[in-house]
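One-letter residues, chain by chain:
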Amino acid sequence: MRDKLHININLNIRGMGPSATLAINEMSNRMIKEGREVFKLGLGQSPFPVPEPVVEALRQNAHQKEYLPVKGLPELQEAIANFNLRKHNLRCTPEDVLIGPGSKELIFLLQLVYYGDLIIPTPSWVSYSPQARIVGRNVNWIPTKADNNWRLSPDMLEMICRTDPTRPRIAILNYPANPTGYTYPLERLERLAHVARRYGVILVSDEIYGLIHHNGKHVSVANYYPEGTIVSSGMSKWCGAGGWRLGCFTFPAKLRWLLDAIASVASETYTATSSPIQYAAITAFEENSEIENYLLHSRRILKTIAKVLVDKLRNMEIDIQLPQGAFYLFPDFNPYRGKLEKYGIYTSGELCKRILEKTGVAMLPGSDFGRPPEELTTRISYVDFDGANALETSGKIPVEKELNSTFMKENCPKLVKAFDLLGDWLAAL
Ligand code: PMP
Ligand code: GLU
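The structure reproduced in this document is the subject of the present report. (Residues numbered from 1 in each chain as written. Chains lettered and ligands numbered in written order. Predicted model: local features only at pLDDT ≥ 70, side-chain atom pairs only at ≥ 80, totals over all residues. Heavy atoms only, no water.)

## Some thoughts on the pattern of salt bridges
Step number 1: Throughout the structure, instances matching the rule amount to 19 salt bridges.
Step number 2: In this structure, E375 engages R371 in a salt bridge whose closest nitrogen and oxygen atoms are separated by 2.8 Å.
Step number 3: Here the residues in one salt-bridge network are E52, E56 and R59, joined through shared partners. (Salt bridge = Lys/Arg side-chain N within 4 Å of Asp/Glu carboxyl O.)

Below, the structure written as structure tokens:
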């Protein structure tokens, strides 16, 4: 007789494993526990500690125990509205801001609430498409090219929209981008905004890495399409607080109905975001010279590492442009294809698996980001270093001086070793 408790999973979710970013982290930790030396370039987690004034604010608010309003703590909504204006020239009211337990959850709820296709470029962050799948939405992956820094082209967006001009759609634009670190020139943002406006596409501008643009020059597409852009951000990347789980959406006034609809679902599911975290977040979003200094040094360090590692990849005959933000590199190992095939490596998945086995360097395959499996791209998160130590060292070096490879050797020895091992492995093929 059939077991009464037979497995009966929602068809959309059948066969789905854990998210690639979290799976690689857990696998790396398991290997470390077993005594292997692993270089954790898989999960994209900020290497820097949460700035001290924010940690102190959390200490001071540990007693906050009440459920907060579904949309967020009003003082925090206000702090974020002011922050938006100060940092991104984005005018909004506190009521336009929705706080959630991570921007990931908010992006998911938006996809649940808004009935439309999802448009994303390949490569894109690992979770957008699985979220669409969970709620049963169509995904339109738009191909991009390495020689165009993997950027979404306005013409391609137009081409998709023209096939059915009134179809409801959400397009997600993430810049500086995960997995590439590249961002968009203003003229390109403006053109994308025009297309989105012409077809009534809702743009989600995922700016979670905005404040770690390496030159501090991030500009939001909301400047060009204010009425249709939802700006997504949070504390996970620039404030080193991924595990605190606090994200935010800023809506245009015209989309208040969408904010309200998401808040209804939030009220029936997670209720509200953690109170102590929201109280502490006020300090993170308010003007604070210590946090500014922290940001300045975070960017300087990430920019230096990117430069040194790009040089190392180029020395390995891998053609790659310098990223402009975040902490990712997206190299293509295609120059080694012939040699790799001799070892039975035909896909980015096999490539990452073999590199992890042979060198202990953990990265993610391009296929997790929507690239064709046979393309030999990988994502490297260059975060396996002691961020607190690096900040302290950078703080002692005059800002007008450039940090260099000596800084790298002394402060990021694991990154240096990981790249040496990778280079040796490739050279021995
Ligand atoms: N967008 C991108 C591009 C990301 O890399 C991440 C990963 N942290 C998120 C959104 C979600 O961030 P969080 O939920 O921590 O706010
Ligand atoms: N966004 C991070 C990454 O791409 C990790 C966190 C997550 O995926 O939720 O690696």
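## Re the packing of aromatic side chains
Step number 1: Overall, the coordinates contain 14 aromatic pairs when judged by the stated rule.
Step number 2: Judged by centre distance (5.9 Å) and plane angle (75°), the ring pair of F48 and F385 falls under edge-to-face. Here F385 lies in the loop between β12 (378-381) and α13 (387-396) and F48 lies in the loop between β1 (39-40) and α2 (52-60), a separation of 337 residues in the sequence.
Step number 3: Owing to a relative accessible area of 10%, F385 belongs among the buried residues under this scheme.
Step number 4: One aromatic cluster in this structure is built from F48, Y294 and F385.
Step number 5: A cation sits over an aromatic face here: K414 above F39, 5.2 Å from the ring centre. (Phe/Tyr/Trp six-rings, centres within 6.5 Å; stacked < 30°, edge-to-face > 60°. Helix = DSSP H or I, 4+ residues; strand = E, 2+ residues; numbered from the N terminus. Buried < 20%, exposed > 50% of the residue type's maximum accessible area, 1.4 Å probe, protein only. Lys NZ or Arg CZ within 6 Å of the ring centre and 35° of its normal.)

## Remarks on the site of ligand 2
Step number 1: Looking at ligand 2, the residues that line it are T21, L43, G44, K104, W125, N178, K237, Y328 and R379.
Step number 2: At 2.8 Å, a side-chain N or O of T21 approaches an oxygen atom of ligand 2.
Step number 3: Take W125: an N or O atom from its side chain is 3.2 Å from an oxygen atom of ligand 2.
Step number 4: Within the complex, 87% of the 280 Å² of free accessible area of ligand 2 lies under protein.
Step number 5: Mapping ligand 2 onto the cavity grids shows that it belongs to the largest pocket.
Step number 6: The residue makeup of the shell around ligand 2, split by class, is three nonpolar, three polar and three charged. (Near = heavy atom within 4 Å. Polar contact = N/O pair within 3.5 Å; in protein donor to acceptor, adjacent residues only side chain to side chain. Areas by Shrake-Rupley, 256 points an atom, 1.4 Å probe, with all protein chains shown as cover. 1 Å grid on protein atoms, 1.4 Å probe; cavity = no way out; pocket = protein on both sides within 12 Å on 5 of 7 lines; lining within 4 Å. Sits in = over half its atoms within 2 Å of the grid points. Nonpolar A, V, L, I, M, F, W, Y, C, P; charged D, E, K, R; others polar.)

## Examining the side chain of Q77
Step number 1: With respect to the helices and strands, the residue Q77 is situated in helix α3 (residues 74-88).
Step number 2: Excluding residues within four positions of it along the chain, Q77 makes contact with K71, G72, P94, V97 and I99. (Contact = heavy atoms within 4.5 Å.)

## Looking at a nonpolar patch on the surface
Step number 1: Together, I7, I9 and I13 make up a nonpolar patch on the protein surface, roughly 280 Å² of accessible area in all.
Step number 2: Within the secondary structure, I9 sits in the segment before α1 (20-33).
Step number 3: On the basis of relative accessible area, I9 is assigned to the partly exposed category, the value being 39%. (Patch = residues over 30% accessible without salt bridge, like charges linked within 9 Å, V, L, I, M, F, W, Y side chains within 5 Å.)

## What to know about the environment of R245
Step number 1: Within the secondary structure, R245 sits in the loop between β7 (229-234) and β8 (247-250).
Step number 2: For the pair R245 and A23, spaced 222 residues apart in sequence, the C-alpha separation works out to 18 Å.
Step number 3: Of note is the side chain of R245, whose polar atom sits 3.0 Å from the backbone oxygen of G242.

## A few points about the site of ligand 1
Step number 1: The environment of ligand 1 is made up of 13 residues, and the closest members are S103, D206, Y209, S236 and K237.
Step number 2: Separating a nitrogen atom of ligand 1 from a side-chain N or O atom of D206 is a distance of 2.6 Å.
Step number 3: One of the side-chain N or O atoms of R245 is found 2.7 Å from an oxygen atom in ligand 1.
Step number 4: If ligand 1 stood free it would expose 390 Å²; the protein chains cover 94% of that surface.
Step number 5: Here ligand 1 is seated within the largest pocket.
Step number 6: Its residues assigned to classes, the shell around ligand 1 comprises four nonpolar, five polar and four charged.

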